[in-house]
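# Inside the fold
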Amino acid sequence: MSIAMTRAQKRAARAQSAAQIIPPEGVPLTLPIAGVGVRIAAQFTDIFITGAFALSILILLGMLGLTGVSALGGLAALLFFVIRIPYYVLSELAWNGQTIGKRMLKIKVVSHTGGPLTTHALVLRNIMKEAEVFLPGTLVLTLDQNTQIASWISFLWIMMALAIPFLNPHRMRLGDMLAGTHVVHLPQPILLADLARAKPDPAVSDQKGFVFLSHQLDHYGRFELQTLESFLRAQQQPGNSASHKQRRETLAAIVERIRKKIGFAQAVPPADHLAFLQAFYNAQRGHLEQRQLFGDRRHDKHYSTKDTPGE
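Worth saying up front: this structure is predicted, and the values here are computed from it rather than measured.

## So, the nonpolar core
F210, F212, I258, F276, L277 and F280 are the most contacted members of the largest nonpolar core, which totals 22 residues. At the level of secondary structure, the elements contributing two or more residues to this core comprise α9 (222-235), α10 (241-262) and α11 (273-289). With 7 residues, the single largest contributor to this core is α11. Excluding residues that lie within four positions of it along the chain, F276 makes contacts with F210, F212, V255, I258, F264 and V268. Core analysis: the second largest hydrophobic core is formed by 6 residues, A42, V109, L122 and V183 among them.

## Brief notes about the packing of α9 against α11
Put simply, α9 and α11 touch, their axes get as near as 10 Å, and they point 145° apart. The hand of the α9/α11 crossing is left-handed. Contacts from R222, L225, L228, E229, F231, L232 and Q235 of α9 reach α11 at L274, L277, Q278, F280, Y281, Q284, R285 and L288. Split into classes, the residues belonging to the contact of α9 with α11 amount to 9 nonpolar, 3 polar and 3 charged.

## A few points about helix α2 (residues 36-63)
Here α2 spans 40 Å end to end across 28 residues, near enough to the 40 Å set by a 1.5 Å rise per residue. Of the positions making up α2, those classed as buried are V36, R39, A42, D46, T50, A54 and L58. Two residues or fewer after α2 comes G65, characterised by a positive phi angle close to 70°.

## Describing the pattern of salt bridges
Evaluated as defined, the whole model comprises 9 salt bridges. With a closest N to O distance of 3.0 Å, R259 and E256 form a salt bridge. Of this pair, R259 and E256 both sit in helix α10, 3 residues apart, which is roughly one turn of the helix. Relative accessible area serves as the criterion here: at 31%, E256 is assigned to the partly exposed category. Sharing partners across several salt bridges, the network here consists of R39, E92, K102, R125 and D176.

## Quick look at the side chain of Q284
Relative to the assigned elements, Q284 resides in helix α11. With relative accessibility at 1%, the residue Q284 sits in the buried group. The contact partners of Q284, leaving out residues within four places of it in the chain, are L217, Y220 and L225.

## Some words on helix α3 (residues 72-94)
Over its 23 residues, α3 runs 32 Å from end to end, which matches the ideal 33 Å to within 8%, given 1.5 Å per residue. Where α3 ends, the next residue or the one after it, N96, has phi of about 55°, a positive value.

## Things to note about the pairing of strand β4 (residues 181-185)
Within β4, 4 of the 5 residues are buried, which leaves the element mostly enclosed by the surrounding structure. As paired elements, strand β3 (residues 107-111) and β4 share 5 bridges and run antiparallel to each other. Each residue of the ladder has a partner; that of S111, found in β4, is T181.

## Here's the deal with the packing of α2 against α3
Between α2 and α3, the shortest axis-to-axis distance is 9 Å and the interhelical angle comes to 130°. As far as their axial angle goes, α3 and α2 are oblique. α3 is crossed by α2, and the crossing has right-handed handedness. In contact with Q43, D46, I47, I49, T50, G51, F53, A54, I57, L58 and L61 of α2, α3 contributes L72, L75, A76, L79, F80, I83, R84, Y87 and Y88.

## A word on a nonpolar patch on the surface
A grouping of W152, F155, L156, M159 and L162 is seen on the molecular surface, where their side chains present a nonpolar patch of about 490 Å² in accessible area. Among the structural elements, M159 can be located in helix α6 (residues 148-163).

## Some remarks on the environment of L61
Turning to its location among the elements, L61 is positioned in helix α2. L61 gets classed as partly exposed once you look at its relative accessible area, which sits at 23%. The spacing of L61 and L72 is 11 residues in sequence and 9.8 Å in space, taken between C-alpha atoms. Among residues more than four places away in sequence, those in contact with L61 are L66, T67 and L75.

Basis of the calculations
- Residues numbered from 1 in each chain as written.
- Predicted model: local features only at pLDDT ≥ 70, side-chain atom pairs only at ≥ 80, totals over all residues.
- Heavy atoms only, no water.
- Core = buried A, V, L, I, M, F, W, Y, C linked by side-chain atoms within 4.5 Å.
- Buried < 20%, exposed > 50% of the residue type's maximum accessible area, 1.4 Å probe, protein only.
- Helix = DSSP H or I, 4+ residues; strand = E, 2+ residues; numbered from the N terminus.
- Contact = heavy atoms within 4.5 Å.
- Axes fitted to C-alpha atoms, helices over the stretch in contact; angles between N-to-C directions.
- Left-handed = near helix turned anticlockwise from the far one by under 90°.
- Nonpolar A, V, L, I, M, F, W, Y, C, P; charged D, E, K, R; others polar.
- Expected span 1.5 Å × (residues − 1).
- Salt bridge = Lys/Arg side-chain N within 4 Å of Asp/Glu carboxyl O.
- Pairing = 2+ DSSP bridges.
- Parallel < 35°, antiparallel > 145°, perpendicular 65-115°, else oblique.
- Patch = residues over 30% accessible without salt bridge, like charges linked within 9 Å, V, L, I, M, F, W, Y side chains within 5 Å.
- Areas by Shrake-Rupley, 256 points an atom, 1.4 Å probe, with all protein chains shown as cover.

Laid out in structure tokens, this is it:
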């Protein structure tokens, strides 16, 4: 039993390590690694899209009489190749590591080091995809019985390429290893929706129209916002007179700390402290949700434990 527990703990530790990225700021990001199954499903979606586009061009050329029947096979393979490479590279450049298939299945390519994706990395990983799967696959489909040895070599190469992601914790294929990338699931919403959308308390419903500028919302990240959310929820719980006094003191300290941190020049009267925090929470939440991109270092660039709102 103890041996089984030890093995389970080791597997859990490996899984946690596989899903953790250390960006240049040094704040670890836990991102679930995309499995081979979902990546293959996204790949088939992209193959269908590029294949349909190549087939449309082929049909158009045939209708215009610009190609003969004997040349259709070779021309189809050439069109598929010419369309496929720009499709993968340009879509992942335009959508920050996503193709249409990846967007549909909510996965994306990220840098293994946590830094921004580079054009070199995206071009390299997609060119390697040709050498790993597409070109050997084309050979398997096009070679005849007289070239069985070449077909078997291509088939074994594809099987080896498909097996490599199962042999490393980040599910990296050869192209990912060379490019320094891997594929992760997009994160779920980091905050509950009910607090920002809930009907405001009558005591704070007459908010004074607090307005926060974009640069004032760059000081805090999701950790601080979750701490503030927990504090606001705690304010909704009933308490005695002693706890009520302590809450007011804590509330005043948090408001003053946030106001100084973000450079909010307007003084906040004690009666508006809760309204100020609620308005700041809503504005900060909306700001972070608009920046749901990996590699956005401003999320935690200014993070420091001494600036945590709940302290």
